[in-house]
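Residue-level structure breakdown
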Amino acid sequence: MTESPLEYTFENLFVGQKAKFSKKIDSTLVNDFAKISGDFNPLHMSDEYASTTNFKKRVCHGMLLSSFFSQLVGMHLPGKNSLYFSQTLNFRNPCFIDDNITIEGEIIEKKSNMKLITLKTTIYNQDRKCLIDGVAKVIVR
């Protein structure tokens with residue numbers, strides 16, 4: 001592991017707290033995700049096919065992008081003490097190879113009786129266009 005997770009406790013977290021990080025989407029990442037997921041749809045894998053669609057170029061798997069929410073929760077907010085409970089996903093706009101994305105989370109609610117936080121989760125591209133948003137619920141152990 002190249003990075004150590006943060007170690008927030010439930011008591012250290014607060015409504016309005018945010019975390020974010022960025023990634024570049026490249027063809028290696030998309031190709032590796034296709035191997036892991038088994039999704040070799042030509043919209044994701046073939047420049048030739050994608051050029052015939054209204055997107056005009058390869059589209060990154062939506063589930064590849066949404067998997068970065070796991071890094072957000074497991075490494076950044078709250079980090080080591082997290083246990084994913086649920087995640088909603090709204091796919092708003094496509095992501096393309098060579099896009100630079102930013103993954104963001106903001107605590108919007110805390111429930112002390114369950115030690116549960118609710119995060120607004122969002123992924124933007126380099127133009128600040130929303131690609132995916134949703135809500136994560138995370139138990140803080």
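Note: the structure precedes this text.
Heads up: these notes are all about the structure in this document.

How each quantity is defined
Residues numbered from 1 in each chain as written. Predicted model: local features only at pLDDT ≥ 70, side-chain atom pairs only at ≥ 80, totals over all residues. Heavy atoms only, no water. Salt bridge = Lys/Arg side-chain N within 4 Å of Asp/Glu carboxyl O. Helix = DSSP H or I, 4+ residues; strand = E, 2+ residues; numbered from the N terminus. Buried < 20%, exposed > 50% of the residue type's maximum accessible area, 1.4 Å probe, protein only. Pairing = 2+ DSSP bridges. Core = buried A, V, L, I, M, F, W, Y, C linked by side-chain atoms within 4.5 Å. Contact = heavy atoms within 4.5 Å. Expected span 1.5 Å × (residues − 1).

**Some details on the pattern of salt bridges**
Counted according to the given criterion, the structure contains four salt bridges. Lys115 is paired through a salt bridge with Glu11; the nearest N and O atoms lie 4.0 Å apart. Taken as a pair, Lys115 in the loop between strand S4 (100-111) and strand S5 (116-124) and Glu11 in the segment before strand S1 (18-24) lie far apart in primary sequence, 104 residues in all. A salt bridge links Glu104 to Arg128; the nearest nitrogen and oxygen atoms lie 2.9 Å apart.

**A short note on the pairing of S5**
Counting buried residues in S5 gives eight out of nine residues, a clear majority hidden from the surface. Relative to S5, S4 runs antiparallel, the two being bridged by nine bridges. By the bridge assignment, Thr102 is partnered in S5 with Tyr124. Hairpin connection from S4 to S5: four residues lie between these consecutive antiparallel strands, with Lys115 at a positive phi of about 50°.

**Let's talk about the nonpolar core**
By size, the foremost hydrophobic cluster in this structure holds 28 residues, and its most contacted members are Ile25, Leu65, Ile101, Ile103, Ile117, Leu119 and Ile123. Elements with a contribution of two residues or more to this core: S1, helix H1 (27-37), helix H4 (62-76), S4, S5 and strand S6 (130-140). The dominant element in this core, judged by the number of residues it contributes, is H4, at six residues. Beyond its immediate stretch of four places on either side in the chain, Ile103 contacts Ala19, Lys20, Phe21, Lys23, Phe68, Phe69, Leu72, Thr122 and Ile123.

**Let's talk about H4**
A turn of α-helix holds 3.6 residues, and therefore any two residues three or four places apart point the same way. Counted at 1.5 Å a residue, the expected span for H4 with its 15 residues is 21 Å, and the 21 Å between its end C-alpha atoms agrees. Of the residues making up H4, those classed as buried are Leu64, Leu65, Ser66, Phe68, Phe69, Leu72, Val73, Met75 and His76. Packed against the buried residues of H4 are S1, H1, strand S2 (82-87), S4, S5 and S6.

Coordinates in, geometry out; function isn't part of it.
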